[in-house]
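Residue-level structure breakdown
What follows is the residue order along each chain.
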Amino acid sequence: MKKFISSSSAETKRFAETLARRIKYQVSSIKYRRHALVFALEGELGSGKTTFVQGFFRGLGIKRRAVSPTFIIMRKVKLPATSYQQPATRYVYHMDAYRIRKPRELLKMGFKEILSDSCNIVLVEWAGNVKRILPKSTLWLYFSHGMDKHERIIRIAAHARA
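Residues numbered from 1 in each chain as written. Predicted model: local features only at pLDDT ≥ 70, side-chain atom pairs only at ≥ 80, totals over all residues. Heavy atoms only, no water.

Focus on the overall build of the protein chain
For clarity, the cut-off: Strands are runs of DSSP state E lasting at least 2 residues, helices are runs of H or I lasting at least 4, and numbering of each runs from the N terminus. Type-normalised accessible area, obtained with a 1.4 Å probe on protein chains alone, sets the label of each residue: buried when under 20%, exposed when over 50%, and partly exposed for intermediate values. A contact between two residues is defined here by any heavy atoms of the two lying within 4.5 Å. Each accessible area value is a Shrake-Rupley result obtained with a 1.4 Å probe; residue values ignore everything except the protein chains displayed when judging cover.
Secondary structure summary: the protein chain contains four helices and seven strands in total. Along the protein chain, helices (α) and strands (β) appear in the sequence β-α-β-α-β-β-α-α-β-β-β when read from the amino end. By residue count, 50% of the 162 residues in the protein chain fall in the buried class. Across the protein chain, the fraction of contacts at a sequence separation of at least 24, relative to all contacts at a separation of at least 6, is 64%. As presented, the protein chain carries roughly 9,100 Å² of accessible surface, and 53% of it is formed by carbon and sulfur atoms.

A few points about the packing of aromatic side chains
How we decide: Planes of paired rings set the category: under 30 degrees apart is stacked, over 60 is edge-to-face and the rest tilted, where pairs are Phe, Tyr or Trp rings (Trp by its six-membered ring) whose centres lie within 6.5 Å. In this scheme, the term charge over a ring applies when either NZ of a lysine or CZ of an arginine sits within 6 Å of the ring centre and within 35 degrees of the ring normal.
Applying the stated criterion across every chain, the model contains seven aromatic pairs. A centroid spacing of 5.6 Å and a plane angle of 70 degrees characterise the contact between Phe52 and Phe143, whose relative ring orientation is edge-to-face. Linking Phe52 in helix H2 (residues 49–59) with Phe143 in strand S6 (residues 139–145), this pair joins segments that are 91 residues apart in sequence. Judged on exposure class, the residue Phe52 and its partner Phe143 are both buried. Between Trp140 and Tyr142, the aromatic rings sit 6.1 Å apart at their centres with planes inclined by 15 degrees, giving stacked as the arrangement. One aromatic cluster is present, formed by Phe4, Phe15, Phe39, Phe52, Phe56 and Phe143 through successive ring pairs. Note that Lys49 overlies the ring of Trp126, its terminal NZ or CZ placed 4.4 Å from the centroid.

Remarks on the pattern of salt bridges
Note the cut-off: Here, a salt bridge means any side-chain nitrogen of Lys or Arg that lies within 4 Å of a carboxyl oxygen of Asp or Glu.
What the rule picks out here adds up to two salt bridges. For Arg21, the salt bridge identified is with Glu17, shortest N-O distance 2.8 Å. Here Arg21 pairs with Glu17, and both are found in helix H1 (residues 9–29), just four residues apart, close to one helical turn. Classification of Arg21 by relative accessible area gives partly exposed; the value is 42%. A salt bridge links Arg58 to Glu17; the nearest nitrogen and oxygen atoms lie 3.3 Å apart. One end of the pair, Arg58, is in helix H2; the other, Glu17, is in helix H1, with 41 residues separating them in the sequence. By relative accessible area, Glu17 is classed as buried at 12%.

With respect to a positive patch on the surface
What counts here: Residues qualify for a patch when their relative accessible area is over 30% and they have no salt bridge, like charges being joined within 9 Å and the nonpolar side chains of Val, Leu, Ile, Met, Phe, Trp and Tyr within 5 Å. All tallies of charge rest on Lys and Arg as positive and Asp and Glu as negative; His and the ends of each chain are not included. Charge positions are represented by NZ for Lys, CZ for Arg, CG for Asp and CD for Glu.
Taken together, the side chains of Lys102, Arg104, Lys108 and Arg132 make up a positively charged region of the molecular surface. Along the chain, the position of Arg132 falls in the loop between strand S5 (120–125) and S6.

Examining unusual backbone geometry
Here Trp126, not a glycine, exhibits a phi torsion of approximately 60 degrees, which is positive. Along the chain, the position of Trp126 falls in the loop between S5 and S6. Assessed through its relative accessible area of 17%, Trp126 is described here as buried.

Bear in mind that shape data such as this cannot, by itself, settle questions of function.
Laid out in structure tokens, this is it:
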């Protein structure tokens, strides 16, 4: 498990932006993905999940500010045409599963179809609530508060913790 320690919101955003830029260029060269590229974001309230998404959006070239979709569950954002090459990613879905009690609630919203499209990137906050329906290849990011008021710890793992 890799670990990143951030001392500020700006640093968390820069980390996410760098990650998104690397992924954007790698994804554009992958032609045979079976499903969406999924990032599961787990952590307590205020641990930096939405801040991470804001930086991730910026790294993908998305100008609009990411806000947590807690009450609407899901936002679909089209990437600027300059951000991808065919058949690369064209949409980013930002989801918040905080209010989801049963994974089938997301399935009713077309989540299976979103996951089956290899041209999508999916960021799921509170992903533990729906981990049964996430692909095995999901990249898990665990956010926690550090020792200092503004410090955040981000751990990256290939698989969900039990």
